[in-house]
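Structure assessment
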Amino acid sequence: MQTNIFFTADHHFGHENIIKFSERPFESLEQMNEELIKRWNEKIAKDDMVYHLGDVSLGKPDFTKEILERLNGKIHLIKGNHEYSALRVPERFEWIKDYHELYIEDEEATAGKRKIILFHYAMRTWNASHHGVWQLYGHSHGTLSDDENALSIDIGVDCHNFYPISYEEVKEIMKKKKWTPPFAPRN
């Protein structure tokens, strides 16, 4: 199994109002930025793979470049609705896409591969959702109630104590879901 794969979203570096909007427990913008960097680097090593599902920074491009240079990992960016500055630092990302279908080797998954849909926004249905494919999203900052019958979760920092979450952590969350295939085999 591949290891050291992480998912995250919605850091909003440089966005002072997000502290109030999302009721983040930080006294200042500087404290939020530094704590988000610290928590990122506590979990993510230099060669780890990170899938960031959007809204990296609302700061200016130079500020965003400085933040990105301080973050560990090989970052893959799924564009959110606040990417003006991140898109001006494309060299910091392994790739930048609107949407991605990720396959992870996992002996517990069907045929040894886990398929995960990565998109900034939550979807009610997605490619192969009726076959047990997962969807990870951000954007909502924990304001959507979790659907225990859907194999999707908000991986944004507001939902995970401001840390990125590992593939293994995602797997544990998905195991608690009550999802069942919608199309039962006929007798």
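Residues numbered from 1 in each chain as written. Predicted model: local features only at pLDDT ≥ 70, side-chain atom pairs only at ≥ 80, totals over all residues. Heavy atoms only, no water.

Quick word on the sheet that holds strand β7 (residues 134-137)
Here four strands make up an open sheet; going across it, the order is β5-β6-β7-β8 and the pairing mixed. Of all the strands in the sheet, the pair left with one neighbour each is β5 (99-105) and β8 (152-154). For this sheet, the mean angle separating the axes of adjacent strands, direction not counted, is 25°. Packed onto the sheet, helix α4 (residues 167-175) meets β5, β6 (113-119), β7 and β8 and runs at close to 115° relative to β7. (Pairing = 2+ DSSP bridges. Helix = DSSP H or I, 4+ residues; strand = E, 2+ residues; numbered from the N terminus. Axes fitted to C-alpha atoms, helices over the stretch in contact; angles between N-to-C directions. Contact = heavy atoms within 4.5 Å.)

So, α4
For α4, every residue scored as buried is listed here: Y167, V170, K171 and M174. Mapping the buried residues of α4 onto a view down its axis gives an arc of 100°, with all of them on the same face. Among the structural elements, β1 (5-8), β5, β6, β7, β8 and β9 (165-166) are those in contact with the buried residues of α4. (Buried < 20%, exposed > 50% of the residue type's maximum accessible area, 1.4 Å probe, protein only. Arc of directions from axis to C-beta.)

Here we look at the sheet that holds β1
Taking strand neighbours across the sheet as the criterion, the five strands line up as β4-β3-β2-β1-β9 in an open arrangement whose pairing is mixed. A strand with exactly one partner marks an edge of an open sheet, and here the two such strands are β4 (93-97) and β9. Pairing between strand β2 (residues 49-52) and strand β3 (residues 74-78): four bridges, direction parallel. Note that in β3 the partner of Y51 across the bridge is H76.

Description of the side chain of S166
Relative to the assigned elements, S166 resides in strand β9. Exposure remark for S166: the relative accessible area of 14% places this residue in the buried category. With near-sequence residues (within four places) excluded, S166 lies in contact with I5, F6 and K43.

Here we look at the pattern of salt bridges
Tallied over the entire structure, the rule returns 15 salt bridges. The salt bridge partner of D158 is R24, with a shortest N-O separation of 2.7 Å. Remark: R24 occurs in the loop between α1 (17-21) and α2 (29-43) and D158 occurs in the loop between β8 and β9; sequence separation between them is 134 residues. The residues D158 and R24 share a single accessibility class, namely buried. Between K43 and E169 there is a salt bridge, with its nearest N and O atoms 2.7 Å apart. With a gap of 126 residues between them, K43 in helix α2 and E169 in helix α4 connect regions that are remote in the sequence. K43 gets classed as partly exposed once you look at its relative accessible area, which sits at 26%. It is possible to trace a salt-bridge network through shared partners that takes in D106, E108, K171, E172 and K175. (Salt bridge = Lys/Arg side-chain N within 4 Å of Asp/Glu carboxyl O.)

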